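Remarks on the overall topology
Spelled out, the chains give:
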Amino acid sequence: MKVETIQSSLGGLKSAGSVFGVILSREDSVIYSDVPFQQDRVNHVVTVLDDIGFYFKKENRRVDQLAFGYDGGNIVVVIDESYRLVVFHSLNDEIDFIAKAAKAFLIDYQMGLFAAEFEQDLNQARALEAVSPEPRSVTPEEVKIQEPLRPGTQRITLQAEKGFDKTEPLQPRTQRPVTTPSQATATAQPRPRARRTI
Amino acid sequence: MSQENIEAELQTALLNKIPRYFRASGGSAHGKTGVQDTEKFAELLMVLQECALLVGERLEMNAVSYAYMYDGDETSGFRFDQSSDPANPQVVGAIQNRRVSMREFTVGLNEYMEGVKG
């Protein structure tokens with residue numbers, strides 16, 4: 001998904017209510033951020049949230065929303081698998097409305113990624129199809145009909161082509177291409193690192 | 001409160017999916033739904049407080065006023081009782097085995113603090 005698309009969608013969220021910042025991340029990588037904080041602070045928040053997510057997963061907890069209130073503002077964190085959307089807002093009355101909008105965005109975002117990946121797969125399959133030879137039709141001589149096993153039933157065998165005594169192991173015609181993430185997710189690769197304990 | 005009453009209180013809360021309220025200060029927590037349930041809240045309080053502090057520490061948002069979460073079908077959280085002594089701050093919290101809006105959850109905690117509930 002293009003950064004402009006994310007920016008457009010999250011721009012709507014950012015201008016809603018008392019929202020003053022948003023961070024979209026995957027694991028410990030920042031996908032998009034628009035917050036009045038320095039980048040190192042954003043990275044810190046994302047890393048901490050990844051640690052928190054890891055902790056809850058380890059504890060078999062299905063935490064999908066967190067809300068924190070501070071003297072300087074409020075934070076809503078919506079979690080969907082490895083994706084996290086952090087929204088900073090001023091009024092604590094708006095938690096539910098913001099969380100709802102954030103969840104809707106995350107669903108749309110992941111659908112967008114899925115659609116892009118599907119389209120890429122489809123294009124690749126079409127490209128492979130264009131270069132592969134036409135399937136050969138079986139000639140009547142190659143079909144040998146043996147005597148019936150029982151009255152009313154027939155066994156049909158296909159004669160193998162010359163030079164092929166046995167069939168090769170089945171191979172998929174097209175292999176699933178290695179996913180090339182869009183620009184927006186290009187940085188969202190997990191990196192091994194030490195995790196803090198909560 | 002007898003053990004039977006404590007058990008009945010917990011069962012009623014679970015059955016009706018109403019919040020179980022707790023109060024904590026100075027490293028100890030108190031509730032009306034038994035030791036195990038209070039221990040569960042105490043653990044949750046520690047985890048949520050740690051999470052809130054970790055997230056806020058580099059953003060210069062250190063004074064945590066509340067922290068809530070949805071864990072599966074459960075809503076839980078705490079908030080500081082602003083009417084408590086600043087030298088010995090108290091926390092009120094709740095666990096509810098139902099997903100309620102966080103606004104509704106906050107209202108419940110506020111009412112509990114004011115003595116309407118509990």
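In this report, we go over the structure that sits alongside the text. Residue numbers restart at each chain and count upward from 1, following the sequence in its written direction. Chain letters start at A and ligand numbers start at 1, both assigned in the order the entries are written. Totals for whole chains, interfaces and linings use all residues, but because this is a predicted model, local features are given only for residues with pLDDT of at least 70 and pairs of side-chain atoms are given and counted only at 80 or more. Water and hydrogen atoms were dropped before computing side-chain values, which therefore reflect all heavy atoms in the structure.

A word on the interface of chain A and chain B. How large an interface is tends to be reported as the accessible area lost when its parts come together. If you look at the interface, chain A gives 33 residues, while chain B gives 30 residues. By buried area we mean the combined loss of accessible area, with a 1.4 Å probe, across both parts when two parts are placed together. Both sides of the chain A and chain B interface together cover about 3000 Å² of buried area, and 58% of this is carbon and sulfur. Of all residues in chain A, Arg 41, Arg 61 and Tyr 70 of chain A bury the most surface against chain B, accounting for 20% of the area lost on that side. Salt bridges are counted wherever a side-chain nitrogen of Lys or Arg sits within 4 Å of a carboxyl oxygen of Asp or Glu. For the interface between chain A and chain B, the tally reads five salt bridges. Between Asp 64 of chain A and Arg 99 of chain B there is a salt bridge, with the nearest N and O atoms lying 3.1 Å from each other. Pairs of N or O atoms are called polar contacts if they sit within 3.5 Å, as long as, within protein, a hydrogen donor faces a hydrogen acceptor (for residues adjacent in sequence, only side-chain-to-side-chain pairs). Inspection of the chain A/chain B interface yields 16 residue pairs in polar contact (both at pLDDT 80 or more). Of all the secondary-structure elements, those providing two or more residues to the side of chain A that touches chain B are helix H2 (39-58), strand S3 (63-70), strand S4 (73-80) and helix H3 (95-131) of chain A. Strands here mean DSSP runs of E at least two residues long; helices mean DSSP runs of H or I at least four residues long; both are numbered from the N terminus. Among the elements that take part in the side of chain A that touches chain B, H2 of chain A stands out by supplying nine residues, more than any other. Any two residues whose heavy atoms approach within 4.5 Å at even a single point are treated as in contact.

With that out of the way, let us pick up the packing of helix H1 (residues 3-14) of chain A against H3 of chain A. Residue and element names in this part refer to chain A. Fitting a line to C-alpha atoms yields each axis, with helices limited to the stretch in contact; the angle taken between N-to-C directions then spans 0 to 180 degrees. Direction vectors running N to C along H1 and H3 enclose 170°, while the axes themselves pass 10 Å from each other. It follows that H1 is roughly antiparallel to H3 by the angle criterion. Facing Ile 6, Ser 9, Leu 10 and Leu 13 of H1, the residues of H3 in contact are Ile 98, Ala 101, Ala 102, Phe 105 and Tyr 109. In this classification, the charged set is Asp, Glu, Lys and Arg, the nonpolar set is Ala, Val, Leu, Ile, Met, Phe, Trp, Tyr, Cys and Pro, and all remaining amino acids, among them Gly, are polar. A per-class count over the contact of H1 with H3 returns eight nonpolar, one polar and no charged. Roughly parallel refers to an angle under 35 degrees, roughly antiparallel to one over 145, roughly perpendicular to one between 65 and 115, and oblique to any angle outside these ranges.

By nonpolar core we mean a set of buried residues, namely Ala, Val, Leu, Ile, Met, Phe, Trp, Tyr and Cys, connected to one another through side-chain atoms within 4.5 Å. Think of it in three bands: residues with accessible area under 20% of the maximum for their type are buried, residues over 50% are exposed, and the middle band is partly exposed, with areas taken using a 1.4 Å probe on protein chains only. Among the nonpolar cores identified, the biggest contains 40 residues, and Ile 23, Phe 56, Leu 66, Phe 68 and Ile 75 of chain A together with Val 55 of chain B are the most heavily contacted of them. Those elements that provide at least two residues to this core are H2, S3, S4 and strand S5 (83-89) of chain A together with strand S1 (20-25), helix H2 (35-56), strand S3 (64-71) and strand S5 (90-96) of chain B. Here this core gets nine residues from one element, more than from any other, and that element is H2 of chain B. Ignoring sequence-local partners within four residues, the contact set of Leu 66 of chain A consists of Ile 52, Phe 56, Ile 75, Val 76, Val 77 and Ile 79 of chain A together with Leu 48, Tyr 68 and Met 69 of chain B. Leu 13 and Ile 31 of chain A together with Tyr 70 and Leu 109 of chain B belong to the second largest nonpolar core, which has 34 residues in total.

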